[in-house]
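These are the residues of each chain, in order.
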Amino acid sequence: MCAACGVPTHIPVLDPEPTAAVPSAGPVKFAALRNPSCRPYLGGAALAMMADNIEHVITYWVIWEKFHSPALTGFEVISHWLPFLLLSPYFGALADRYDCRKLIQASQALFMAVSLTWGILFLTNSLTVWNACILLILHGMAGALWSPPEQLLLEDFVGVEDLPSAIRLNSTARSLGILAGPVVGSALLLGLGPVHGIWVNIAFYLPLTILMARTRFTGHTRSGIVARERVSALAAVKVFREVSRDRVLASMIILAGLGSFFVGSAMQVVMPEIAGTTTGLSTGTAYGVLLFANGLGGVLGGLILEGTGWVSLSVRSALVSTLVYGAASVFFAISHDYLIAAPLLVVGGVANLAALSITQTVVQLRAPQEKKGQVIGVYGVGANGMRIGSGFTVGLLGAAVGLRTALGLSSAGLVVCVLLLAGYLAIVARSNRLNTNHISNR
């Protein structure tokens, strides 16, 4: 059986359409880096993601120093992911209809405008809770707007055959930006202060913005397909129903959503408490080591997977990777020695990158060409928007039983749900095989 049958253990997703050619040789390692159009994009994306995280470091510190509000701290997380949850399908529809270069430039311009405004408010000492909330929401919207056109542009750069490499390496580049962001952000904050630090950070958005004016690819150049009909925010949501008809697509989106909902952003939330109860190092040192290990896992994961090809592009691999991610998070939550906790974070980071890159690639290859941006947007709802859920599964539960215990229970919930999904897909696959055999024997 092929991908169209929905069998979770056999999905040749490198042949998403009947007319697509299956490569005769194995995939080229680091193929996206060999592409002259994709290579500079990966560098620009890493810098922009680093700038995104630098802004978090500076603004979160200033907000806490000024207001000391736990509620506002919670809103920082919600505001970042809520636009992904509510607007990703609509932004995906825009990517289907318009030049993806312009949309990415618009997202970077919004990032820069927000940074500029932060600096002005810091300089004039006029920051209030309400304008901080508005800027946090706008920053989240910039990230949500960036995601769907980026994925279409990556495919336009490298084509279908090298798309898995482009997605893996783009995830690696983003992980590198996330890893470097706190380091550079802290240096800017301490060396230049919040005002000049946030303004200098604007420069890191410029390379990607300029690159979009110099590349000939629009996100639609190879396919030549551009959606013509206007799509409203409500109409874009209807794509959820269409996606549910494809069992493979739906399972990949659900799987990405499970990882985001149960663990998601919770690692950053629980890290201070876990560092304080980790033996072998002082609290401050343990916190730095664990944060570094958490970011390092994503970077190493991309390099290892791209360089070895150990993980196949299939639903089974996505399920196993998510299970490893959940199990590593469970053991991390109950470990008290940094020599055990730090490697578990690296393993979890590798597994999480593998799961997200596989699910992203499968979804993108199987999505209808004329609605690919919208389907990617739906995927963004699961992979990014559902991160809000970890604030409830870990944050609220943590208030009752402690953050460490809450992370362990939530991660165990992820493992259980993935096993249930795997069981359901196995039952459906067996039913499909029996039906196929029955029809062939008639």
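Residues numbered from 1 in each chain as written. Predicted model: local features only at pLDDT ≥ 70, side-chain atom pairs only at ≥ 80, totals over all residues. Heavy atoms only, no water.

Quick notes on the overall build of the chain
How we decide: In DSSP terms, a helix is any run of H or I states spanning at least four residues, a strand is any run of E spanning at least two, and both are numbered starting from the N terminus. Per-residue accessibility, obtained with a 1.4 Å probe over protein chains only, is compared with the maximum for each type, and a residue is labelled buried under 20%, exposed over 50%, and partly exposed between these values. Here, two residues are considered to be in contact whenever any of their heavy atoms come within 4.5 Å of each other. Using the Shrake-Rupley algorithm and a 1.4 Å probe, accessible areas are obtained, with residue cover drawn only from the displayed protein chains.
On a plain count of helices and strands, the chain comes out with 17 helices and zero strands. Taken over 442 residues, the chain has a buried fraction of 53%. Relative to all contacts within the chain whose residues are 6 or more apart in sequence, the contacts with residues 24 or more apart total 85%. Counting only carbon and sulfur atoms, one obtains 67% of the accessible surface of the chain, whose full area is about 18900 Å².

Topic: the confidence of the model for the chain
Basically, it comes down to this: Residue-level confidence of the predictor, termed pLDDT, takes values from 0 up to 100.
Of the residues in the chain, 89% have a pLDDT of 70 or more, and the chain-wide mean is 86. Contacts from residues 1-25, a stretch scored under 50 in pLDDT, to residues over four places away or in other chains number 44 contacts.

Digging into the nonpolar core
Put simply, the test is: Each nonpolar core is a collection of buried residues, namely Ala, Val, Leu, Ile, Met, Phe, Trp, Tyr and Cys, held together in the definition by side-chain atoms within 4.5 Å.
Ranked by size, the top nonpolar core spans 52 residues in total, and within it Met252, Leu290, Phe332 and Leu407 carry the most contacts. Of the residues forming this core, the biggest block, ten residues, is contributed by helix H14 (residues 338-366). Core analysis: the next-biggest nonpolar cluster, separate from the first, contains 27 residues, Leu42, Leu153, Leu169 and Ile202 among them.

Some remarks on the pattern of salt bridges
This is how the line gets drawn: Think of a salt bridge as a Lys or Arg side-chain nitrogen and an Asp or Glu carboxyl oxygen that are within 4 Å of each other.
Enumeration according to the criterion identifies five salt bridges in this entry. Its salt-bridge partner being Arg174, residue Glu150 comes within 3.0 Å of it at the nearest N-O pair. On the criterion of sequence distance, the pair formed by Glu150 in helix H5 (residues 129-158) and Arg174 in helix H6 (residues 163-201) is long-range, its members being 24 residues apart. No difference in accessibility class separates Glu150 from Arg174, as the two residues are buried. Across the pair Arg168 and Glu306 runs a salt bridge whose closest N-O atoms are separated by 2.7 Å. You can see Arg168 sitting in helix H6 and its partner Glu306 sitting in helix H12 (residues 283-308), a full 138 residues away along the chain. Each member of the pair, Arg168 as well as Glu306, is classed as buried.

So, helix H2 (residues 38-67)
The test is simple: For a helix, the expected span equals 1.5 Å multiplied by the number of residues minus one.
Between the first and last C-alpha of H2 there are 43 Å, a value that for 30 residues agrees with the 44 Å anticipated at 1.5 Å per step. Once H2 finishes, His68 follows within two positions and takes phi at roughly 50 degrees, a positive value.

A look at the packing of aromatic side chains
This is how it is decided: For Phe, Tyr and Trp, rings pair up if their centres lie within 6.5 Å, where Trp contributes its six-membered ring, and each pair is then called stacked (planes under 30 degrees apart), edge-to-face (over 60) or tilted (otherwise).
With the rule as written, the count across this model stands at eight aromatic pairs. Note on Tyr41 and Phe157: the rings are 5.9 Å apart at their centroids and 55 degrees apart in plane angle, and the pair reads as tilted. Placement of the pair is Tyr41 in helix H2 and Phe157 in helix H5, with a sequence separation of 116 residues. Residue Tyr41 shares its accessibility class with Phe157, and that shared class is buried. Consider the rings of Trp81 and Phe84, whose centres lie 5.3 Å apart with planes at 45 degrees: the pair is tilted. You can see Trp81 and its partner Phe84 sitting in helix H3 (residues 70-97), three residues apart, about one turn around the helix. Here Trp81 falls in the buried class, since its relative accessible area comes to 14%. Taken together, the aromatic side chains of Tyr41, Phe157 and Phe217 make up a single cluster linked through ring pairs.

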